[in-house]
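A look at the structure
Residues per chain are reported as follows:
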Amino acid sequence: MTKEEVIKKVDAFLIDEFEIEADQIKPDANFKDDLEIESLDFVDIVVIIEREFGFKVKGEEMTHIRQLSDLYDYIEEQVKVHS
Amino acid sequence: MKRVVITGMGVYSTIGKNIEEVNDSLYNGVSGIGIDAKRIDDGFRSPLTGIIERPILKGVLPRRMRIGLPEQGEYAYVATMEALEMAQLDEEFRLKNEVGILYGNDSSAVPVINAIDIVRAKKDTTLVGSGSIFQSMNSSITMNLSVILKLTGVNFTISGACASSSHAIGMAMILIQQGLQDIIICGGGQEVNAESMGSFDGLSAFSTNTADPTKASRPFDRDRDGLVPSGGAATVVVESYESAIKRGAPILAELTGYGFSSNGEHISVPNIKGPSKSLEKALKYAGICAQDIDYVNAHATSTIVGDTNEAQALYNIFGSKTPINSTKSMTGHEMWMCGASEIIYSILMMQNSYIAPTINFENPDEHSAKLNISGNRIEKNIDTFLSNSFGFGGTNSTLIVKKVK
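Computed from a predicted structure; not experimentally measured.

A few words now on the confidence of the model for chain B. Residue and element names in this part refer to chain B. Averaged over every residue, the pLDDT of chain B is 98; the share at 70 or more is 100%. Per-element confidence in chain B ranges from a low mean pLDDT of 96 for helix H3 (residues 63–66) to a high of 99 for strand S7 (residues 232–240). Of the two predicted TM-score estimates for the complex, the pTM is 0.97 and the ipTM is 0.92.

All names here are of chain B. Going through the model one piece at a time under the given rule, you end up with zero disulfides over all chains. Unpaired in terms of disulfides, Cys162 finds its nearest cysteine sulfur in Cys338, a separation of 5.8 Å. A residue is classified by how much of its surface remains accessible, and Cys162, at 7% relative accessible area, is buried. Among the cysteines around Cys186, which has no disulfide bond, Cys338 carries the closest sulfur, lying 15 Å off.

We now examine the side chain of Asp201 of chain B. Residues and elements named next belong to chain B. Within the secondary structure layout, Asp201 lies in helix H10 (residues 194–201). In terms of polar contacts, Asp201 uses its side chain to reach the backbone amide nitrogen of Arg45, at 2.7 Å. Sequence-distant contacts of Asp201, defined by excluding residues within four places in its chain, comprise Phe44, Arg45, Ser46 and Phe206.

All names here are of chain A. Between helix H2 (residues 39–53) and helix H3 (residues 68–82), the least distance of the axes is 12 Å, while the angle of their chain directions is 40°. It follows that H2 is oblique to H3 by the angle criterion. For H2 against H3, the interelement crossing comes out right-handed. Residues Ile45, Ile49 and Phe53 of H2 pack against Leu71, Ile75 and Val79 of H3.

Right, let's get into the pattern of salt bridges. According to the stated counting rule, one finds 34 salt bridges over all chains in the structure shown. In this structure, the salt-bridge partner of Arg64 of chain B is Glu38 of chain A, at a minimum N-O distance of 3.8 Å. Separated into two different chains, Arg64 of chain B in helix H3 and Glu38 of chain A in the loop between helix H1 (3–16) and H2 make up a pair that spans both. Asp41 of chain A serves as the salt-bridge partner of Arg64 of chain B, at 2.6 Å between the closest nitrogen and oxygen. One end of the pair, Arg64 of chain B, is in helix H3; the other, Asp41 of chain A, is in helix H2, on a second chain. The partly exposed category is assigned to Arg64 of chain B, whose relative accessible area is 22%. Salt bridges sharing common partners tie together Glu38, Asp41 and Asp44 of chain A together with Arg63 and Arg64 of chain B.

Conventions used here
- The residue numbering used here restarts from 1 in each chain and proceeds along that chain's sequence as written.
- All chains are assigned letters beginning at A, and all ligands numbers beginning at 1, according to the order in which they are written.
- Local features are withheld for residues below a pLDDT of 70 in this predicted model, meaning they are given only at 70 or higher, and side-chain atom pairs are given and counted only at 80 or more; totals for whole chains, interfaces and linings count all residues.
- No hydrogens and no water enter the side-chain calculation; it runs on all heavy atoms of the structure.
- For every residue, the predictor assigns a confidence score, pLDDT, that lies between 0 and 100.
- For the purposes of this entry, the term helix denotes a DSSP run of H or I that reaches at least four residues, the term strand denotes a run of E that reaches at least two, and both are numbered from the N terminus.
- Two cysteine sulfur atoms make up a disulfide if the distance between them is within 2.5 Å.
- Think of it in three bands: residues with accessible area under 20% of the maximum for their type are buried, residues over 50% are exposed, and the middle band is partly exposed, with areas taken using a 1.4 Å probe on protein chains only.
- Side-chain atoms alone can form a polar contact between residues adjacent in sequence; in general such a contact is a pair of N or O atoms within 3.5 Å, and within protein one must be able to donate a hydrogen while the other accepts it.
- The contact definition used throughout considers only heavy atoms, calling two residues in contact when any of these lie within 4.5 Å.
- The convention used is that axes are lines fitted to C-alpha atoms, helices contributing only their stretch in contact, and that angles between N-to-C directions extend from 0 to 180 degrees.
- Any angle between 65 and 115 degrees counts as roughly perpendicular, while under 35 counts as roughly parallel, over 145 as roughly antiparallel, and the rest as oblique.
- Each crossing is labelled by how the near helix is turned from the far one, with a counterclockwise turn of less than a right angle marking it left-handed and a clockwise turn marking it right-handed.
- Any carboxyl oxygen of Asp or Glu within 4 Å of a side-chain nitrogen of Lys or Arg constitutes a salt bridge here.

Okay, structure coming up:
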């Protein structure tokens, strides 16, 4: 899976399931401050990652994710590890 | 003690999705009962159930507020918004004044089942998602609505089986009479799905009269063969008289009596003395006698033993003149919701001067023959009514409501 495919899927679920406006989706958007994604929402992001990308996230792996580009990078890396 | 009134009501049920639709159905004797094909596939004894559509709340509520709501929570949200609008309790008022919530609910089966299915399949609890716990608990409706509505008053759920929401209204009445709270959002919610009804179906308590589903729920009728499960949600705004007057809110009715008791016997088979005690306590609380009641909304679920014992209790107290009906003939048994919904149905009859028909009441049995029950609508002025709700474990609740002139 290419980075572009990862970004496309992540952006799609943020828009469809988290009801985030498309113009708010930027690589440097901060989850908490810009996208108003709180810790409970990260539980649902874990669920969606498992469904969309086929790997299980360990809770502690998500702690460093602050902005959208962190999530793209993390998923890209994990997809490679699990493929 | 403070006087307690009802200033708003809202309903989402199998016989209508708002007050106006429900009033039309009650007036015309419309049934909300049908067949659920899933129950046939799942090997249920009875596929009969109240038929209801889930409201679509996407775009109405933000995601975080929406995903914690189970099915009955969605019904409760819609019913409560209707009640709040009627009571003129907007968000600005709620932010500046203490408003509480006491709601009846006694199950939330589907979220529990779904969560366990995921854990068993995936061996990872995180994959259950963040909304499940808030959907799964019995207090789901009160915990969600108190957040959505920004409430700062009393906040808990009453679980008293099929008397849950009647007790919730009774408890609210006491808190307000005591001056501990001025406004409490009260009601009951009931999920309508096969998963929550399988174990009840297994007790052979449900009607299997599938030839004509609208004829299956037949309280007090000689040919009844069991209850029909149903649900939805109903909300009433309970408020002190002074608060209602001060706000200029519409006063729909006054709550004057609450009676309660426990049978102290069998877990599922009701008796006569327990309900009688609840009825007598409610009359005493209201400071009136049986002859002052113009109409009784019976619990009457369409089970032989339940109806028969209630008929005897009602006859012992009211004799044969007081008009009695069972709105469950139309709605089916709304269980955790029925205490609150039947207060609303009865207020609608009081406001519009009629007693809804006990549809399917065609032939009485030896006990119901002694009571004043009609299969037809009766045009009648109602100043005071009494509503019964009884539940598993022998819990009984009775409320008395009167017109404010």
